[in-house]
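Chain by chain, the residues run as shown.
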Amino acid sequence: SYCRVSAPKRKGVVAATNTKLQSSTQNGQGLKGFQGLKAKVRRFGVSLGSKDAPFWYRGGEILGVFTGLTCFAYSAFYPNSSKRMLLSLIEKSVSIGFVLDFIFKWWAVRWSFEWVKRSEALTEILSTLPAIDILTPVDMGLGNFGPTLSTLRLFRMLRFARTYTDKYTLGFRIFVVFLTMFGVVANTASALWLVESSKNTNMRTPFDAVYFAVALITSEGIIFPLETKTGKLVSMGAIIVGLCAIIPQLADVFIVASSAHLGSKSETTERAFWANAIRRIDQLEIKGYIPSNSAERLRESAIQRNESFGIILESYKDRDDENFSEILREFH
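Conventions adopted
- Residues numbered from 1 in each chain as written.
- Predicted model: local features only at pLDDT ≥ 70, side-chain atom pairs only at ≥ 80, totals over all residues.
- Heavy atoms only, no water.
- Helix = DSSP H or I, 4+ residues; strand = E, 2+ residues; numbered from the N terminus.
- Buried < 20%, exposed > 50% of the residue type's maximum accessible area, 1.4 Å probe, protein only.
- Contact = heavy atoms within 4.5 Å.
- 1 Å grid on protein atoms, 1.4 Å probe; cavity = no way out; pocket = protein on both sides within 12 Å on 5 of 7 lines; lining within 4 Å.
- Points joined across faces, edges and corners; volume = space filled by probe spheres on them.
- Nonpolar A, V, L, I, M, F, W, Y, C, P; charged D, E, K, R; others polar.
- Salt bridge = Lys/Arg side-chain N within 4 Å of Asp/Glu carboxyl O.
- Phe/Tyr/Trp six-rings, centres within 6.5 Å; stacked < 30°, edge-to-face > 60°.
- Core = buried A, V, L, I, M, F, W, Y, C linked by side-chain atoms within 4.5 Å.
- Expected span 1.5 Å × (residues − 1).
- Axes fitted to C-alpha atoms, helices over the stretch in contact; angles between N-to-C directions.
- Parallel < 35°, antiparallel > 145°, perpendicular 65-115°, else oblique.
- Left-handed = near helix turned anticlockwise from the far one by under 90°.
- pLDDT = per-residue confidence, 0-100.

Draft legend 1. Just the overall build of the chain, in detail. For the chain, the count of helices and strands is 12 helices and zero strands. Ordered by position from the N terminus, the helices and strands of the chain form the series α-α-α-α-α-α-α-α-α-α-α-α. Within the chain, buried positions represent 38% of all 332 residues. Relative to all contacts within the chain whose residues are 6 or more apart in sequence, the contacts with residues 24 or more apart total 68%.

So, in structure tokens, the structure goes:
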């Protein structure tokens, strides 16, 4: 039946068929490109949720935590400030950002509950709890639930309850430890001032709240009694968060410092071993046991720290010069 169709009509049918094929090919390529882009975004999200996350991401995480902490502390210590509304909005934006960050990383692992069960994911879930305060008024939540919800801000410090891979230096790890300690103290002092200042005669100035928080976190203990249940809740939360956030980091710092010390000691020992080997080769050359050209090649092996040569040196180091030089000539 196709052959009976006139030439112009056949051309029209062929053109229409080609157009459909091109359209389907383009749609397929577009779908393939979208799937490829989606896979790249997922890989990026997985990298953010791993211990080997990019340095800029960790830096942004620290900046976000301390931006929210600063806004809350300033508003708590200076409740009549004209900037209070702006600071509250900034803090709530940080909380929303952390929630979206967790959702994105969970989506990247295809909503896997196995990933959520990991300790790092659990700490991130807890660190998003301050977002509950979004449901309160914009004025830093001083309504019926504001003082109680202020304790949830302590969990934001759990973003730092993690260890780091080898690409992060020891100096960076120590820096994060001090930042975490400072953050826990400042967060605790702000929350205590918010809930205790109007009812506790021992807490007359913000410095009293900071002093109490430092004594609490450093295991000095409670230096004066708290008057409110919320204040006691803040104290318990500070101790728990401090232990969960700071202890893993301290352990990580000690492990890295010990490894660096042992590595340095091992390197010093190995350097001394090869230096002694070169010195003995020089002595054998001076005494005439080894020709100069052979001694030069042996020294080159020692400088390159040839593993086989090192085994020979270690195994026969107690031999006398004559026997030892004979073994070296055989090796050479």
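Draft legend 2. Examining the layout of surface pockets more closely. Its boundaries defined by the atoms lining it, the largest pocket holds a volume of some 170 Å³. Along the walls of the largest pocket sit M181, L216, I217, T218, S219, I239, G242, L243, I246, I247 and L250, which together make up its complete lining. It is helix α9 (residues 229-287) that provides the largest number of residues to the lining of the largest pocket, a total of six residues. Across the lining of the largest pocket, the residue classes break down as eight nonpolar, three polar and no charged.

Draft legend 3. The arrangement of the pattern of salt bridges in detail. Throughout the structure, instances matching the rule amount to four salt bridges. The residue R58 makes a salt bridge to E61 at a minimum N-O spacing of 3.4 Å. One end of the pair, R58, and the other, E61, are both in helix α2 (residues 55-77), three residues apart, so they sit about a helical turn from each other. Assessed through its relative accessible area of 3%, E61 is described here as buried. Measuring nitrogen to oxygen at the nearest pair gives 3.1 Å for the salt bridge that ties K105 to D101. Within this pair, K105 and its partner D101 are both found in helix α3 (residues 84-108), separated by four residues, close to a single helical turn. Looking at K105, the relative accessible area reads 1%, which means it is buried. A single salt-bridge network, built from bridges that share partners, covers D282, E296 and R299.

Draft legend 4. Molecular detail of the packing of aromatic side chains. This model, assessed by the stated rule, comprises 11 aromatic pairs. Taken together, a centroid distance of 6.3 Å and an interplanar angle of 55° make the contact between F77 and W193 tilted. Within this pair, whereas F77 is found in helix α2, its partner W193 is found in helix α7 (residues 170-196), the two being separated by 116 residues in sequence. By relative accessible area, F77 is classed as buried at 18%. For the ring pair F104 and W107, a centre distance of 6.0 Å and an interplane angle of 25° mean the geometry is stacked. Within this pair, F104 and its partner W107 are both found in helix α3, separated by three residues, close to a single helical turn.

Draft legend 5. Molecular detail of the nonpolar core. In this structure, I62, F66, M157, F160 and M203 are the most contacted members of the largest nonpolar core, which totals 35 residues. At the level of elements, α2, α3, α7, α8 (206-217) and α9 are the ones that each hand at least two residues to this core. Among the elements that take part in this core, α7 stands out by supplying 10 residues, more than any other. Those residues in contact with F160 that sit more than four places away from it in its chain are I62, V65, F66, V176, T180, A245 and Q249. Core analysis: the next-biggest nonpolar cluster, separate from the first, contains 12 residues, L284, L298, F324 and L328 among them.

Draft legend 6. View of α7. Look at α7: 39 Å from first C-alpha to last across 27 residues, which is about the 39 Å you get at 1.5 Å a residue. For α7, the buried fraction is high: 19 of the 27 residues fall into the buried class.

Draft legend 7. Highlighting unusual backbone geometry. Despite not being glycine, R110 has its phi angle at roughly 60°, a positive value. Tracing the chain through its elements places R110 in the loop between α3 and α4 (113-116). The exposure class of R110 is exposed, given its relative accessible area of 60%. In this model, W111 sits at a positive phi of 55°, which is unusual for a non-glycine residue.

Draft legend 8. Region of interest: the packing of α2 against α7. It is the contact of α2 with α7, at a shortest axis distance of 9 Å, that shows an interaxial angle of 25°. The angle between α2 and α7 places the two elements in the roughly parallel class. Two packed elements cross with a definite hand, and for α2 against α7 that hand is left-handed. Residues that form the contact of α2 with α7 fall into these classes: 17 nonpolar, four polar and one charged.

Draft legend 9. Just the side chain of N187, in detail. Relative to the elements of secondary structure, N187 occurs in helix α7. N187 gets classed as buried once you look at its relative accessible area, which sits at 2%. Ignoring any residue separated from it by four or fewer positions in sequence, one finds N187 in contact with L69, F72, R153, L154 and M157.

Draft legend 10. Quick look at the confidence of the model for the chain. Taken residue by residue, the chain gives an average pLDDT of 75. The fraction at 70 or more is 77%. The least confident element of the chain, judged by mean pLDDT, is helix α6 (residues 146-149) at 56; the most confident is α8 at 87. The low-confidence segment residues 1-11, where pLDDT is below 50, has four contacts with residues more than four positions distant or belonging to other chains. In the model, residues 138-145 has pLDDT below 50 throughout and makes 20 contacts with residues more than four positions away in sequence or in other chains.

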